[in-house]
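As a plain string of letters, each chain reads:
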Amino acid sequence: MNPDSLPNGGPASPCDPFIASKPGHESVAKRLAEGMTLRDYFASAAVQGMYANPERKGTCVDAAERAYEVADAMLRAREAK
């Protein structure tokens, strides 16, 4: 499956709707809402776990690719609930 066709899970730390509704806070709300996606958050957690293993083998590119495979699996599992 093409990773670009997967949902990214939306923002990992979305903006509080109360803040977004206050006049003059639209730019802050937009910046906060467009932060890291849940897919990126899952991948960062996966790669941290990989690098915590002193026996880890492979390149940084290998780790990044594997981290996004894990993140995509987590998103699919989340959608299956």
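Computed from a predicted structure; not experimentally measured.

Colleague: Give me the overall build of the chain: which residues, what numbers.
Modeller: Scanning the chain for helices and strands turns up four helices and zero strands. Mapped in sequence order, the helices and strands of the chain form the string α-α-α-α. A separation threshold of at least 6 residues defines the contact pool for the chain, and within that pool the share at least 24 residues apart is 67%. Of the accessible surface of the chain, which amounts to about 5900 Å², a share of 58% is contributed by carbon and sulfur atoms.

Colleague: Run through the packing of helix α3 (residues 38-52) against helix α4 (residues 60-80), naming residues and quoting values.
Modeller: Running from N to C, α3 and α4 cross one another at 130°; their axes reach a closest spacing of 8 Å. Classified by the angle between their axes, α3 and α4 sit oblique to one another. For the crossing formed where α3 meets α4, the hand is right-handed. Contact with α3, carried on its side by Leu38, Arg39, Asp40, Phe42, Ala43, Ala46, Val47, Met50 and Tyr51, involves Cys60, Ala63, Arg66, Ala67, Tyr68, Val70, Ala71, Asp72, Met74, Leu75 and Arg78 of α4 and no other residues of that element. Across the contact of α3 with α4, the residue classes break down as 15 nonpolar, no polar and five charged.

Colleague: Summarise α3; cite the residues concerned and give the values.
Modeller: Between its first and last C-alpha atoms α3 spans 21 Å; for 15 residues at 1.5 Å apiece the expected length is 21 Å, and the two agree. Residues of α3 that are buried make contact with α4.

Colleague: Tell me about the pattern of salt bridges, residues and numbers included.
Modeller: As enumerated under the stated definition, the model contains two salt bridges in all. The closest approach of N and O atoms between Arg39 and Asp72, which form a salt bridge, is 2.5 Å. Of this pair, Arg39 sits in helix α3 while Asp72 sits in helix α4; the two residues are 33 residues apart in sequence, bridging distant segments of the chain. For Asp72, a relative accessible area of 7% corresponds to the buried category. The partner of Glu69 in a salt bridge is Arg66, with the nearest N and O atoms 3.0 Å apart. Residue Glu69 and its partner Arg66 are located together in helix α4, separated by three residues, close to a single helical turn. Taking relative accessible area as the criterion, Glu69 reaches 45% and is therefore assigned partly exposed.

Calculation rules
Residues numbered from 1 in each chain as written. Predicted model: local features only at pLDDT ≥ 70, side-chain atom pairs only at ≥ 80, totals over all residues. Heavy atoms only, no water. Helix = DSSP H or I, 4+ residues; strand = E, 2+ residues; numbered from the N terminus. Contact = heavy atoms within 4.5 Å. Areas by Shrake-Rupley, 256 points an atom, 1.4 Å probe, with all protein chains shown as cover. Axes fitted to C-alpha atoms, helices over the stretch in contact; angles between N-to-C directions. Parallel < 35°, antiparallel > 145°, perpendicular 65-115°, else oblique. Left-handed = near helix turned anticlockwise from the far one by under 90°. Nonpolar A, V, L, I, M, F, W, Y, C, P; charged D, E, K, R; others polar. Expected span 1.5 Å × (residues − 1). Salt bridge = Lys/Arg side-chain N within 4 Å of Asp/Glu carboxyl O. Buried < 20%, exposed > 50% of the residue type's maximum accessible area, 1.4 Å probe, protein only.

These figures come from the coordinates and say nothing about function on their own.
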